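A structural walkthrough
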Amino acid sequence: MGIPLFAYYIRNWVTLQIAFSISTLPLICYFWFLPSSPRWLALRRREEEALKILNQMAKINRKPKPNRLELMTILKSCKDERILNQSNITALQSILQAFKNIGNGYVSIVRNGELRKRSFLIWFLFISVTLVYYGLSFDTALITRDPFILVFLGGLMELPGYTIAMPLATKWGRKPTVASSFFITGVVCLIFVLSPQNYETIRIVFAMIGKLFISSAFAVIYLLGAELYPTSERATGLSCAVLMGRIGSISAPYIVDLTRPVYSNFPTIIFSATSILAGLVTFFLPETKDTELLDSIRSLENQVINES
């Protein structure tokens, strides 16, 4: 909602871009305030730090303080075979080893058959959700002569979109929430296409409903994507999925600008078809609700063997 406010008062695009950039600087503070994952710390033999964070979590959630001995036993049982003993290596060797581990991480998510399948599917979903999300933002801004109001309404729709997404994902499941959000977005876009051009208010209402549900899909897909990967590959897998999602966001303005002159509703038809296809693809992913997060690729392979 802040974007149209900035753009309304700052009409020079260079100054506007600088204003957007400056407004994100406070996010650097997250580096000091957000804790690391206890599992990630345990995998790197930093059990004391993991235990401290777990105690803080119990305190914030008003839960009994966990037994130290039992927790330390569990934390020390976690291991990552790629993490080497770096006590006797130089800083340069440590940096090179870190880059090597990053490279191995990207290779590992496509080397394993199950991870490769999950990666390709979640990549498509990230491309789809960013394409439709940003595509609707660009496309619907052209419905009326006042794009500032429409962009503001689009941002406003994200509030209920994000608010309802997580309770539904917690109660109903990740897959049904993502799939239904995609399907509803696709159907709403079709209704938008079929609405007469002179019914501007009705078209705006359906456009905003589409923005609401694609925002819900955007929120839950990050949760689903993170839970699909074992802890040792989670950061690499999710970051790669987010990177692939940039293909959708980059393509969105070109789809709107190049296809709209051919037929005014052509972009919306593309976004509708993409949403429905993404909803179908979601069903090929496993449900992660109420499932134990895996620690390593080996544990994932064991799970696949047990389920087969």
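A few points on the structure.

How each quantity is defined
The numbering scheme is per chain: residues are counted from 1 as the chain's sequence reads. Per-residue local features are limited, in this predicted model, to residues with pLDDT of at least 70; the limit for side-chain atom pairs, both in listing and counting, is 80 or more; totals at the level of whole chains, interfaces and linings are taken over all residues. Computation of side-chain values: all heavy atoms of the structure, hydrogens and water removed. Salt bridges are counted wherever a side-chain nitrogen of Lys or Arg sits within 4 Å of a carboxyl oxygen of Asp or Glu. Secondary structure elements follow DSSP: runs of H or I no shorter than four residues count as helices, runs of E no shorter than two count as strands, and numbering proceeds from the N terminus. Think of it in three bands: with a 1.4 Å probe and only protein chains considered, a residue is buried below 20% of the maximum accessible area for its type, exposed above 50%, and partly exposed in between. Convention adopted: a line fitted to C-alpha atoms gives each axis, helices being fitted over their contacting stretch, and angles between N-to-C directions are expressed from 0 to 180 degrees. Any angle that is under 35 degrees is reported as roughly parallel, and any over 145 degrees as roughly antiparallel; angles of 65 to 115 degrees are reported as roughly perpendicular and all others as oblique. Only heavy atoms matter for contacts: two residues are in contact if any of them lie within 4.5 Å across the pair. In this count, Pro and Cys sit with the nonpolar residues alongside Ala, Val, Leu, Ile, Met, Phe, Trp and Tyr, while Asp, Glu, Lys and Arg are called charged and the others, Gly among them, polar.

Brief notes about the pattern of salt bridges
On inspection of all chains with the given rule, the structure shows five salt bridges. In this structure, the salt-bridge partner of K211 is E158, at a minimum N-O distance of 3.8 Å. On the criterion of sequence distance, the pair formed by K211 in helix α11 (residues 200–228) and E158 in helix α9 (residues 147–171) is long-range, its members being 53 residues apart. Relative accessible area serves as the criterion here: at 8%, K211 is assigned to the buried category. Given a relative accessible area of 14%, E158 falls into the buried group. In this structure, E227 engages R174 in a salt bridge whose closest nitrogen and oxygen atoms are separated by 2.9 Å. Taken together, the positions of E227 in helix α11 and R174 in helix α10 (residues 174–194) put the pair 53 residues apart, joining distant regions of the chain. Take E227: its relative accessible area is 18%, and that puts it in the buried class.

A word on the packing of helix α12 (residues 231–259) against helix α13 (residues 266–282)
When two helices pack together, you describe them by how their axes are tilted relative to each other and by the distance separating the axes. Viewed as axis vectors pointing N to C, α12 and α13 meet at an angle of 140°, and their least axial separation amounts to 8 Å. Here α12 is positioned oblique relative to α13, judged by the angle of their axes. Here I255, V256 and T259 of α12 come into contact with α13, specifically with F266, P267, I270 and F271. Tallied by class, residues from the contact of α12 with α13 come to six nonpolar, one polar and no charged.

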